[in-house]
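# Coordinate analysis (summary)
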Amino acid sequence: MPDGWRWDESLFRGSAAYYDQGRLPYAPGYTDRLAETFGLDGRGRLLDVGCGPGTVILPFARYFGEAVGVDPDPGMLVEAGRRADSLGVRNVTWVQARAEDLPCGLGAFQVVVFAQSFHWTDRDRVAATVLEMLQPGGWVVHLSDLKTPRADPAPLPRPAPPYGRIVALTRAYLGEVRRAGQGVLVNGTPGGERAILARAGFADLSRLVVASGAVVERSADDVVAWVFSRSDMAPHLFGERREDFERDLRELLREVSPDGVFAEQLPDTEIRYGRKPLPSSGDPPSGPRGRGPRRR
């Protein structure tokens, strides 16, 4: 887990309603690339740990017979269920639990995904548990936005959202150290996923970058939603000063773009993945058996 930080249930409280509008999408076609890489045929099981409002599991579920989304935040699961109904995705079960609560009797899986959620967990413990939950030859996947700055950024037809100034405004309200629920992130969130997966026993560790690069326009409402979708700027953190903060935030946005329209280039998607080794000849099969709970 991040240095000096402990999880608490308020981490994303109130953020779920802003997630879909505020967060930038992953690169187009990333689920197709994963399906091709893993040889998915529509019959396996998918587990999304820290599924949030269904950002990854809903487009990815069509490559599986069954999918399970796990998240500790009830608001995220309500939003995920609402989006699943609106999209007609019927093969997903939602489970309220932390990653550290696994395996939760959920059975075995072909693929387990962490989409920008692994860093919030006790990573060595969770990686070891996930290895046991995977079928032999199954895959663990870590998705995130590629953080490396572009060598040739596209010209923008509108002003970019003033993210640096937004962070500064947030710090003026919440303090200089980044918030995360009731705690703070003195050193930010940790990296080093590859080493942790290797230590847990995963093999064939690989990296895939799916290019995006599209330039999209964003409204002031979109940028405000991005702010409130984040753990360090979640609505509840501002308490009685939330209306004051949003007023100052919108004034800042009007200063940068009087007509309230911004532009930015979508980041590429970085995917790190590893495989549970196949058992050697004569070794007994390992990992949980059977199917998980059906959707209620």
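Residues numbered from 1 in each chain as written. Predicted model: local features only at pLDDT ≥ 70, side-chain atom pairs only at ≥ 80, totals over all residues. Heavy atoms only, no water.

Scanning the entire structure with this criterion turns up one cavity of 30 Å³ or more. Space inside the largest cavity adds up to approximately 70 Å³. For the largest cavity, the full set of lining residues is F114, F118, A127, V130, V140, V141, H142, E193, L197 and F202. Elements that contribute at least two residues to the lining of the largest cavity include exactly α5 (123-133), β5 (134-145) and α7 (193-200). Of the residues contributing to the lining of the largest cavity, the split by class is eight nonpolar, one polar and one charged. (1 Å grid on protein atoms, 1.4 Å probe; cavity = no way out; pocket = protein on both sides within 12 Å on 5 of 7 lines; lining within 4 Å. Points joined across faces, edges and corners; volume = space filled by probe spheres on them. Helix = DSSP H or I, 4+ residues; strand = E, 2+ residues; numbered from the N terminus. Nonpolar A, V, L, I, M, F, W, Y, C, P; charged D, E, K, R; others polar.)

With that out of the way, let us pick up the side chain of T121. Within the secondary structure layout, T121 lies in the loop between β4 (109-115) and α5. Judged by its relative accessible area of 6%, T121 falls in the buried class. At 2.8 Å, the side chain of T121 and the backbone oxygen of F118 are in polar contact. (Buried < 20%, exposed > 50% of the residue type's maximum accessible area, 1.4 Å probe, protein only. Polar contact = N/O pair within 3.5 Å; in protein donor to acceptor, adjacent residues only side chain to side chain.)

Here helix α6 (residues 163-174) crosses helix α9 (residues 242-256) at 155 degrees, and the two axes come no closer than 11 Å. Taken as axis vectors, α6 and α9 run roughly antiparallel relative to one another. Remark: the crossing between α6 and α9 carries right-handed chirality. Residue-level contacts link R165, I166, L169, T170 and Y173 of α6 to D244, F245, D248, L249, L252, L253, E255 and V256 of α9. Split into classes, the residues belonging to the contact of α6 with α9 amount to eight nonpolar, one polar and four charged. (Axes fitted to C-alpha atoms, helices over the stretch in contact; angles between N-to-C directions. Parallel < 35°, antiparallel > 145°, perpendicular 65-115°, else oblique. Left-handed = near helix turned anticlockwise from the far one by under 90°. Contact = heavy atoms within 4.5 Å.)

With that settled, the discussion passes to the sheet that holds strand β1 (residues 45-49). Here seven strands make up an open sheet; going across it, the order is β3-β2-β1-β4-β5-β11-β8 and the pairing mixed. Only two strands of the sheet have a single neighbouring strand rather than two, namely β3 (92-96) and β8 (203-210). Put simply, the sheet's adjacent strands are angled 20 degrees from each other on average, direction ignored. The pairing of β5 with strand β11 (residues 269-275) spans seven bridges and is classified as antiparallel. Its bridge partner being in β11, V140 is matched across the sheet by G274. Docked against the sheet, helix α4 (residues 74-87) engages β2 (66-71) and β3, running at close to 170 degrees with respect to β3. Together, β1, β4 and β5 form the strand contacts of α5, whose direction differs from that of β5 by roughly 135 degrees. (Pairing = 2+ DSSP bridges.)

On to the nonpolar core. F60, W94, V111, V113, V141 and I271 are the most contacted members of the largest nonpolar core, which has 33 residues in total. Secondary structure elements with two or more residues in this core: α2 (30-38), α3 (57-60), α4, β3, β4, β5, β8 and β11. A total of four residues in this core trace back to one element, the largest contributor, which is α2. Every residue in contact with I271, bar those within four places of it in the chain, is listed here: Y30, L34, V141, H142, L143, S206, R207, L208 and V210. Judged by nonpolar contacts, the second largest core, of 25 residues, contains A99, L106, V112 and A127. (Core = buried A, V, L, I, M, F, W, Y, C linked by side-chain atoms within 4.5 Å.)

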